[in-house]
Structures are given as structure tokens and as C-alpha cells.
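Residue-level listing of the chains:
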Amino acid sequence: MARKKIALIGSGMIGGTLAHLAAKKEMGDIVLFDIAEGMPQGKALDLSQCGPVEGFDAKITGSNDYADIAGADVVIVTAGVPRKPGMSRDDLLGINLKVMKAVGEGIKNNAPDAFVICITNPLDAMVWALREFSGLPHNKVVGMAGVLDSARFATFLAWEFECSVKDVNAFVLGGHGDTMVPVKSYTTINGIPVDDYAKIKGVSASRIDEIVDRTRKGGGEIVGLLGNGSAYYAPATSAISMAEAYLGDQKRILPCASYVEGKYGLDGLYVGVPTVIGAGGTEEVIEIELSDEEKGNLKVSTDAVEELLEACKGLDSDLA
Ligand code: LMR
């Protein structure tokens with residue numbers, strides 16, 4: 001059987017980390033694409049030289065030509081500009097929308113059968129725009145954010161409870177912005193609802209609220225600390241888990257920015273929802289029961305995403 005092909009559009013910090021993870025896991029051969037000449041080639045050479053040490057055979061190449069992503073099974077898009085301290089993800093809308101147009105056309109012309117995972121911010125708007133520009137079916141284009149946001153929530157809860165992260169099943173829905181919705185009613189510590197476990201461990205409700213708030217602002221916290229750039233290890237790891245779910249037809253239920261039509265009262269929007277990922281791409285959006293408060297919070301979040309889509313339509317007539 002031929003090896004799978006993974007194309008990484010954008011060879012910055014997330015792109016390089018994605019390539020390293022994909023190679024270590026022998027997920028397939030990897031093409032690192034970037035418009036910056038020399039950079040993807042240099043990273044590909046450096047990463048290839050990990051092979052003898054780590055024992056992987058994955059072939060890693062760098063390219064500035066979209067033709068080299070031809071036949072990719074999975075395309076992961078990180079191209080675009082990260083935010084700087086003090087900026088919101090939404091401030092990147094104008095600049096990254098132009099990038100999504102070029103990337104969408106590159107995918108349409110060269111890898112129309114791929115499963116495409118978008119990471120570029122502002123995520124929910126960019127994955128929508130990328131889908132529009134590429135013309136791929138909605139089930140083959142998805143955004144990575146919920147896995148990352150849920151991982152942040154799980155990390156902070158595990159620290160607070162001094163328990164293993166393996167026992168925390170955290171759940172975050174909605175847009176990948178400060179209005180995202182960490183859903184406590186579906187967050188458990190090995191099956192024990194988080195609020196019940198907090199009582200058992202003597203952790204106050206206000207402390208859990210602080211953790212929810214820290215989760216919402218988790219990306220900004222890292223942007224502030226790094227000073228130049230945004231998170232890359234956890235975003236790359238999260239996207240790789242989605243790519244593995246697709247390539248392995250795992251039917252995992254992962255929170256991701258999927259196209260939602262009809263469910264959650266939404267009509268054609270990309271936003272973070274639990275999604276079954278298998279060989280068919282995003283095979284099913286799972287609609288869960290939410291409390292009135294959670295529904296209200298989700299509405300605030302999806303309204304914010306809708307506003308961004310309107311802004312995209314105003315900026316590019318092809319989207320109107
Ligand atoms: C993240 O959450 O780490 C990314 O969306 C990057 C950012 O700007 O926060």
C-alpha cells in the first residue's frame with residue numbers, strides 16, 4: 001500500500017512541529033509548503049536528519065510550489081500571521097483572509113480529495129472562508145480548536161485536583177475566541193462530574209470559574225508570555241490527533257470547528273461542536289443537551305462567529 005501523504009501549508013512553528021510529530025508517528029510522507037523561499041526546504045532537511053536518530057522513514061520535503069501537495073491525503077493549514085501581545089485573534093481577519101484565498105485555490109487545484117484541517121486564526125471564520133475558496137465538500141474541511149481548548153481545560157483541572165490528565169475528560173464548545181464555552185456539565189474526572197469532584201476535593205466553585213476563565217484566555221496567556229508568536233506544541237498535537245482519526249477511520253468524537261447546519265439552531269456555520277471524525281471526514285455533528293445558561297453562552301459565541309463571517313463577506317466579494 002502506498003504511503004499516505006501529509007501536506008502542511010505554512011512551515012512556521014506549528015508547521016515544523018506538525019512535520020516532526022507526523023514523521024515520528026510514521027503517518028506518511030510529508031510536504032512542508034511555504035511561500036518563504038528556503039525556509040520549508042531548510043526545515044525539511046533538518047527534520048529529515050532526525051530520522052536516523054529517531055528511526056523513522058518518513059520522507060520530508062520542503063516546497064514553495066503548490067503542485068508539490070498534489071495527491072495529499074491530509075492537508076493541515078497554518079499559513080498566515082499569528083497575533084502579537086495585546087491583539088485579539090479577530091484582529092488577524094483581514095490579513096489572514098487573503099492568505100486563505102491563496103491557500104484555498106492551491107488546495108482546490110492540487111489536492112481536492114484531501115481532508116483539510118485549518119488552524120489559522122480567527123479560526124472559525126478562516127475555516128469557513130477556506131472551505132468557500134477551496135470548494136471542497138464541508139465534511140472534508142474542518143477547523144482545529146476544540147481539541148486544543150479542551151486540552152487546556154483538562155490541564156488546568158488536573159493541576160488543580162492533582163490528578164492525572166488521563167482521567168480528565170474536558171469539553172469546550174463554541175467559537176475559538178474569548179467567548180468559547182467550557183461546558184462543565186460534560187466535563188468529568190473519570191466519569192465524576194467536575195462540580196461534584198470539586199466538592200469532594202474541597203475546591204470552591206469560584207476556583208473552578210477561574211479555571212474556566214483561564215481556559216477561555218489560554219491562547220492569549222501564551223501569546224503574552226512568548227512575546228513574539230503564539231502556541232505551537234499543543235495546537236500541532238491537537239491537529240495530529242484529528243488527522244490520525246481521519247487516516248485511521250477511528251470514529252473519534254472530537255470537539256472541532258465543523259460545519260453545522262440545522263443542529264444547535266445553526267444554519268451553515270463553522271463552530272466548535274462534538275464531531276465524529278472517520279474516513280468520511282467529519283462524519284457527524286453530535287448535538288448534546290445543554291442547560292439554558294450553556295445555550296445562552298453558546299449563542300453569544302456563535303453570534304460572535306457570525307459577525308466575523310459578515311466581515312469576511314465585506315472584505316472579499318467572492319464570499320458575499
Ligand atoms: C491558541 O489558542 O493558542 C491559538 O489560537 C493562537 C492564539 O492566538 O491564541
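Just so it is clear, the structure is predicted and the values come from calculations on it, not from any experiment. (Residues numbered from 1 in each chain as written. Predicted model: local features only at pLDDT ≥ 70, side-chain atom pairs only at ≥ 80, totals over all residues. Heavy atoms only, no water.)

> Just to check I follow, could you spell out the overall build of the protein for this structure?
When you go through the protein residue by residue, the secondary structure sums to 11 helices and 14 strands. Scaling as 2.2 N^0.38, a compact globule of 320 residues should have a C-alpha radius of gyration of about 20 Å, and the protein matches this with 19 Å. In terms of principal-axis extent, the alpha carbons of the protein reach across some 55 × 50 × 40 Å. A buried classification covers 52% of the 320 residues belonging to the protein. In the protein, of all internal contacts separated by at least 6 residues, the share reaching a separation of at least 24 is 70%. For the protein, the computed accessible surface area is about 14100 Å², with 51% contributed by carbon and sulfur atoms. The protein carries 30 positive and 44 negative side-chain charges, and their two centres are separated by 3 Å. (Helix = DSSP H or I, 4+ residues; strand = E, 2+ residues; numbered from the N terminus. Rg over C-alpha atoms; globule rule 2.2 N^0.38 Å. Buried < 20%, exposed > 50% of the residue type's maximum accessible area, 1.4 Å probe, protein only. Contact = heavy atoms within 4.5 Å. Areas by Shrake-Rupley, 256 points an atom, 1.4 Å probe, with all protein chains shown as cover. Lys, Arg positive; Asp, Glu negative; His and termini not counted. Charge placed at Lys NZ, Arg CZ, Asp CG, Glu CD.)

> Explain the packing of aromatic side chains to me, please; I cannot follow it from the model alone.
Each aromatic ring pair is described using two quantities: the centre-to-centre distance and the angle formed by the ring planes. With the rule as written, the count across this model stands at seven aromatic pairs. Ring geometry for phenylalanine 156 and tryptophan 159: centres 5.8 Å apart, planes at 55°, overall tilted. Of this pair, phenylalanine 156 and tryptophan 159 both sit in helix H6 (residues 146-161), separated by three residues, roughly a single helical turn. Given the relative accessible area of 10%, phenylalanine 156 is considered buried. (Phe/Tyr/Trp six-rings, centres within 6.5 Å; stacked < 30°, edge-to-face > 60°.)

> Before we go on, may I ask you to explain the packing of helix H4 (residues 93-110) against helix H11 (residues 292-315) in this structure?
When two helices pack together, their arrangement is given by the angle between the helix axes and by the axis-to-axis distance. Orientation of H4 relative to H11, taken along the N-to-C sense of each, is 65°, at an axis distance of 11 Å. Judged by the inter-axis angle, H4 sits roughly perpendicular to H11. Both H4 and H11 take part in a crossing whose hand is right-handed. Of the residues in H11, those touching H4 at Leu93, Gly94 and Leu97 are Leu308, Ala311, Cys312 and Leu315. Its residues assigned to classes, the contact of H4 with H11 shows six nonpolar, one polar and no charged. (Axes fitted to C-alpha atoms, helices over the stretch in contact; angles between N-to-C directions. Parallel < 35°, antiparallel > 145°, perpendicular 65-115°, else oblique. Left-handed = near helix turned anticlockwise from the far one by under 90°. Nonpolar A, V, L, I, M, F, W, Y, C, P; charged D, E, K, R; others polar.)

> Whenever I open this one, the packing of H4 against helix H5 (residues 123-134) confuses me. Can you help?
Contact geometry for H4 and H5: axes closest at 8 Å, N-to-C directions at 35°. Between H4 and H5 lies a crossing whose hand is right-handed. Contacts between H4 and H5 involve Leu93, Asn96, Leu97, Met100, Lys101, Val103, Gly104, Glu105, Ile107 and Lys108 from the former and Ala125, Met126, Ala129, Leu130, Phe133 and Ser134 from the latter. Its residues assigned to classes, the contact of H4 with H5 comprises 10 nonpolar, three polar and three charged.

> What is the right way to look at the site of the ligand in this model?
Close contacts around the ligand come from Arg83, Arg89, Asn121, Leu148, Arg152, His176, Gly219, Val223, Ser230 and Ala231, and that covers them all. Within the contact set of the ligand, an oxygen atom lies 2.7 Å away from a side-chain nitrogen or oxygen of arginine 152. Considering the ligand on its own, with 260 Å² of exposed area, one finds that the protein chains cover 94% of that surface. In terms of residue class, the shell around the ligand is built from three nonpolar, four polar and three charged. Looking at which domains feed residues into the shell around the ligand, each of domain 1 (5-144) and domain 2 (146-313) gives three or more. (Near = heavy atom within 4 Å. Polar contact = N/O pair within 3.5 Å; in protein donor to acceptor, adjacent residues only side chain to side chain. Domains from an automatic or database assignment.)

> Can you help me understand the UniProt feature "binding site: NAD(+)" (unreviewed entry) in the protein in this one?
In the numbering adopted here, UniProt assigns the feature "binding site: NAD(+)" (unreviewed entry) to Gly10, Ser11, Gly12, Met13, Ile14, Gly15, Asp34, Asn96, Ile119, Thr120 and Asn121. Mapped onto the secondary structure, glycine 15 falls in helix H1 (residues 13-24). The buried category is assigned to glycine 15, whose relative accessible area is 0%. In contact with glycine 15, not counting residues within four places along its chain, are Leu8, Gly10, Leu32 and Thr78. Here asparagine 121 shows up in the loop between strand S5 (115-118) and H5. When residues no more than four places from it in sequence are discounted, the contact partners of asparagine 121 are Arg89, Leu92, Asn96, Met126 and His176. (UniProt positions renumbered as here; feature names shortened; annotations may be inferred.)

> So what exactly am I meant to see when it comes to the domain arrangement of the protein here?
Many structure descriptions define interface size as the accessible area lost when the parts assemble. Per the domain assignment, the segments making up the protein are domain 1 (5-144) and domain 2 (146-313). Measuring from the centre of the C-alpha atoms in domain 1 to the corresponding centre in domain 2 gives 22 Å. Contacts between the two partners involve 40 residues from domain 1, matched on the other side by 46 residues from domain 2. Of all residues in domain 1, Asp124, Trp128 and Met144 bury the most surface against domain 2, accounting for 20% of the area lost on that side. (Buried area = accessible area lost by both parts, 1.4 Å probe.)

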